[in-house]
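Listed below are the residues making up each chain.
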Amino acid sequence: MRNMSCALTKTQIRDGSKTVTRRDAWLKLQAGDLLRPVNKTVGSKKGERPHPLLPVGHHLRVVSVRREPLEAITQEDVIAEGFSEMTPAAPKACTANTIAQQCAVRSIGEGSA
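Residues numbered from 1 in each chain as written. Predicted model: local features only at pLDDT ≥ 70, side-chain atom pairs only at ≥ 80, totals over all residues. Heavy atoms only, no water.

As for the overall build of the protein chain
Just so we agree on the cut-off: Put simply, DSSP H or I for four residues or longer makes a helix, DSSP E for two residues or longer makes a strand, and each gets a number counted from the N terminus. Each residue's exposure class comes from its accessible area (1.4 Å probe, protein chains only) as a fraction of the maximum for that residue type: buried when under 20%, exposed when over 50%, partly exposed otherwise. Any two residues having at least one pair of non-hydrogen atoms within 4.5 Å are treated as being in contact. For the accessible areas, the method is Shrake-Rupley and the probe is 1.4 Å, while residue cover comes only from the protein chains on display. By the counting rule applied here, Lys and Arg register as positive and Asp and Glu as negative, while His and the ends of each chain are not counted. Here the site of a charge means atom NZ of a Lys, CZ of an Arg, CG of an Asp or CD of a Glu.
Helices and strands together make up the secondary structure of the protein chain, namely 2 helices and 5 strands. Its helices and strands in sequence order give the protein chain the pattern β-α-β-β-β-α-β, from N to C terminus. C-alpha atoms of the protein chain, sized along the principal axes, occupy 35 × 35 × 30 Å. The buried share of the protein chain, taken over its 113 residues, is 34%. Taking contacts inside the protein chain between residues at least 6 apart in sequence as the whole, the part at least 24 apart equals 78%. Of the roughly 7,100 Å² of accessible surface on the protein chain, a fraction of 54% belongs to carbon and sulfur atoms. The centroid of the 17 positive side-chain charges in the protein chain is displaced by 9 Å from the centroid of its 11 negative side-chain charges.

Comments concerning the sheet that holds strand S3 (residues 34-38)
Here is the rule: In short, DSSP must find at least two bridges between two strands for them to pair. Note on definitions: angles span 0 to 180 degrees between N-to-C directions of axes, and those axes are lines fitted to C-alpha atoms, for helices only across the stretch in contact.
The strand order S1-S3-S4-S5-S2 describes an open sheet built from 5 strands, whose pairing is mixed. What marks the edges here is a single partner per strand, and that holds for strand S1 (2-5) and strand S2 (20-23). Within this sheet the neighbouring strands show an average axis-to-axis angle of 45°, counted without direction. Bridge analysis of strand S4 (residues 59-69) against strand S5 (residues 99-108) gives 10 bridges, and the strand direction is antiparallel. Note on S5: the bridge partner recorded for Glu68 is Ala100.

Some thoughts on the nonpolar core
Soluble globular proteins tend to bury their nonpolar side chains together. Quick note on the threshold: The definition of a nonpolar core used throughout is a set of buried Ala, Val, Leu, Ile, Met, Phe, Trp, Tyr and Cys residues joined through side-chain atoms within 4.5 Å.
In this structure, Met4, Cys6, Ile13, Trp26, Leu29, Leu35, Leu53, Leu54, Leu60, Val62, Cys103 and Val105 together form the largest nonpolar core, which totals 12 residues. Mapped by element, the contributors of at least two residues to this core are S4 and S5. When residues no more than four places from it in sequence are discounted, the contact partners of Ile13 are Met4, Cys6, Lys18, Pro37, Leu53, Leu54 and Leu60.

Details of the pairing of S4
As defined by bridge partners, S3 adjoins S4 across 2 bridges and the pair is classed as antiparallel. Considered in S4, the bridge of Leu35 is made with Leu60.

Points about the packing of aromatic side chains
For the record, the criterion: Think of it this way: a Phe, Tyr or Trp ring, Trp meaning its six-membered ring, pairs with another when their centres are within 6.5 Å, and the plane angle makes it stacked under 30 degrees, edge-to-face over 60, tilted otherwise. Over a ring means this: the NZ of a Lys or the CZ of an Arg is within 6 Å of the ring centre and within 35 degrees of the ring normal.
In total, this model carries 0 aromatic pairs according to the counting rule given. Residue placement shows Arg2 over the ring face of Trp26; its charged tip is 3.9 Å from the ring centre. Geometry around Trp26 places Arg23 over its ring, the cationic atom sitting 5.3 Å from the centre.

Observations regarding the environment of Leu53
Mapped onto the elements of the fold, Leu53 is located in the loop between S3 and S4. Exposure remark for Leu53: the relative accessible area of 6% places this residue in the buried category. Distance in space between the C-alpha atoms of Leu53 and Ile73 is 26 Å, their sequence separation being 20 residues. Contacts of Leu53, omitting those with residues within four sequence positions, involve Cys6, Lys10, Ile13, Arg14, Pro37, Val38 and Asn39.

Comments concerning the pairing of S3
Pairing of S1 with S3 involves 4 bridges; the strand directions are parallel. From the neighbouring strand, Met4 faces S3, where its bridge partner is Pro37.

In structure tokens form, the structure reads like this:
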């Protein structure tokens, strides 16, 4: 299971409103893979471990994966990412034609298939 940093969308992960994420370098991710949403994965202090955002036994399952340019993001996509107050403009660290891995996810708990 792979950790997925969700520092900006902790509440949306917990309430289930984040159903899509985009990641730049997750080229091997496939439908069916499991993800553990955590508070952060980069910038931790020595000895600090990421904290899971969901209860033990709960995680996210990747439902679909596709590559697309950031300029293809719609307002519906922005909302699914957990940023209902934002618009589809490209993040400052990217350009509109940056290609990102778009991953649809759903929350599953203990005993779920």
